[in-house]
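Summary of the model geometry
Here's the letter readout for the chains.
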Amino acid sequence: PAQPRDRLRVAVQKSGRLGDPARELLASCGLTWRESRDRLFLYGESLPVDVLLVRDDDIPGLIADGVCDLGVVGRNVLVEHGLEHEAQGRGVRLSEWRQLGWGVCRLDVAIPEDLEWTGPAQLEGLRIATSYPQTLGRWLREQGVDAQPVVLNGSVEIAPRLGQADVVCDLVSTGGTLRANQLRPVTTILESEAVIAGPDHTLEDGRQEIADLLLRRLDGAVQLKE
Ligand code: PRP
Ligand code: MG
Ligand code: ZN
């Protein structure tokens, strides 16, 4: 078990599209902080809430291991991580404590523009480039389709042009990246948005009270915006 901690620790994306809005959200809850020299740790001054700046893919693991209590992360990352643990038979359940309504995107299958789309069965035997093999794998099983995931951590959209894959399964926000690569989305396998992720149990050492206070303020801040 993690050592006792009486300050809440929140993991936030260091850079990338959810990082700045996540920090703004915490600031709107009245949180002020002091930055460490390496700028990876923000020490909360107005509340006993510290912020850890990390890679988004690391956020579910940090919460599952009890290193952080909460995280602001895309559902896509949370779902992929959950399925990975299930596959390994080590169930660490995380849950969505809040849905934030921004950072909205979809995990879509996309095919070359000039290809006709007749449905999921068309994917049988094809190579599908993706950074989300678990989420894609679950969907393929549901569809009863046997395809071959090609796992890439980035630049998924150029895989078909490189001859590395036939189609892709990637995040789509504006659709600009797909268009730039002569691909078109044909089916959505996950709808995503930024969420506050946490364990599926209450926190210990008084941290649940701090979390409750933070979330009450967050709910108030969100209402003010509406
Ligand atoms: C995602 C995704 C696409 C792009 C799609 O990458 O992998 O490349 O955004 O966005 P669009 O539809 O608005 O063009 P992201 O910027 O999150 O970076 P990453 O792939 O390095 O995580
Ligand atoms: Mg990323
Ligand atoms: Zn993990």
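Named according to an unreviewed UniProt entry, the protein chain is ATP phosphoribosyltransferase originating from Ornithinimicrobium cerasi. Its UniProt record gives the protein chain a comment under Function (unreviewed entry), which states: "Catalyzes the condensation of ATP and 5-phosphoribose 1-diphosphate to form N'-(5'-phosphoribosyl)-ATP (PR-ATP). Has a crucial role in the pathway because the rate of histidine biosynthesis seems to be controlled primarily by regulation of HisG enzymatic activity." Listed in UniProt under the heading Cofactor (unreviewed entry), the comment for the protein chain reads: "Mg(2+)".

As summarised here, the arrangement of the five strands in space is β9-β8-β10-β7-β11, forming an open sheet in which the pairing is mixed. At either end of the open sheet lies a strand with only one pairing partner, and these are β9 (148-151) and β11 (183-192). Across the sheet, the axes of successive neighbouring strands diverge by a mean angle of 30°, strand direction being ignored.

Attention now moves to the pairing of strand β8 (residues 127-130). Both β8 and β9 contribute to a ladder of four bridges, which runs parallel. Residue R127 lies in a different strand from β9, and its bridge partner there is Q148. Taken together, β8, helix α4 (residues 133-143) and β9 constitute a β-α-β crossover, and its handedness is right-handed.

This part takes up the site of ligand 1. The local shell around ligand 1 consists of R17, G154, D170, L171, V172, S173, T174, G175, G176 and T177. When residues of the shell around ligand 1 are traced back to their parent elements, those giving at least two are β10 (167-172) and α6 (176-180). Looking at which element gives the most residues to the shell around ligand 1, the answer is β10, with three residues. Of the residues that constitute the shell around ligand 1, the class distribution is two nonpolar, six polar and two charged.

With domains assigned, the protein chain is organised as domain 1 (8-103 + 193-225) and domain 2 (105-192). Relative placement of domain 1 and domain 2: their C-alpha centres are 29 Å apart. The interface is formed by ten residues belonging to domain 1 together with nine residues belonging to domain 2. The element that contributes the greatest number of residues to the side of domain 1 that touches domain 2 is helix α3 (residues 75-87), accounting for seven residues. Classifying every residue of the side of domain 1 that touches domain 2 by side-chain character gives three nonpolar, three polar and four charged.

Time to look at the environment of L8. Turning to its location among the elements, L8 is positioned in strand β1 (residues 8-13). Remark: the alpha-carbon pair of L8 and V51, spanning 43 residues in sequence, is separated by 8.5 Å. Dropping the residues within four chain positions of it, L8 is found in contact with P48, V49, D69, R207, I210, A211 and L214.

Within the largest apolar cluster, 53 residues are counted, with the highest numbers of intra-cluster contacts made by V10, I128, V168 and A197. A domain split of this core shows at least three residues from each of domain 1 (8-103 + 193-225) and domain 2 (105-192). Setting aside anything within four residues of it in sequence, one finds I128 in contact with L123, L136, A147, Q148, P149, V150, A165, V167, V168 and C169.

The rules behind each value
- Residues numbered from 1 in each chain as written.
- Chains lettered and ligands numbered in written order.
- Predicted model: local features only at pLDDT ≥ 70, side-chain atom pairs only at ≥ 80, totals over all residues.
- UniProt positions renumbered as here; feature names shortened; annotations may be inferred.
- Pairing = 2+ DSSP bridges.
- Helix = DSSP H or I, 4+ residues; strand = E, 2+ residues; numbered from the N terminus.
- Axes fitted to C-alpha atoms, helices over the stretch in contact; angles between N-to-C directions.
- Right-handed = clockwise from strand over helix to strand, strands pointing away.
- Near = placed C-beta within 6 Å.
- Nonpolar A, V, L, I, M, F, W, Y, C, P; charged D, E, K, R; others polar.
- Domains from an automatic or database assignment.
- Contact = placed C-beta atoms within 7 Å.
- Core = buried A, V, L, I, M, F, W, Y, C linked by C-beta atoms within 7 Å.
- Buried ≥ 20, exposed ≤ 12 C-beta atoms within 10 Å, placed from the backbone.

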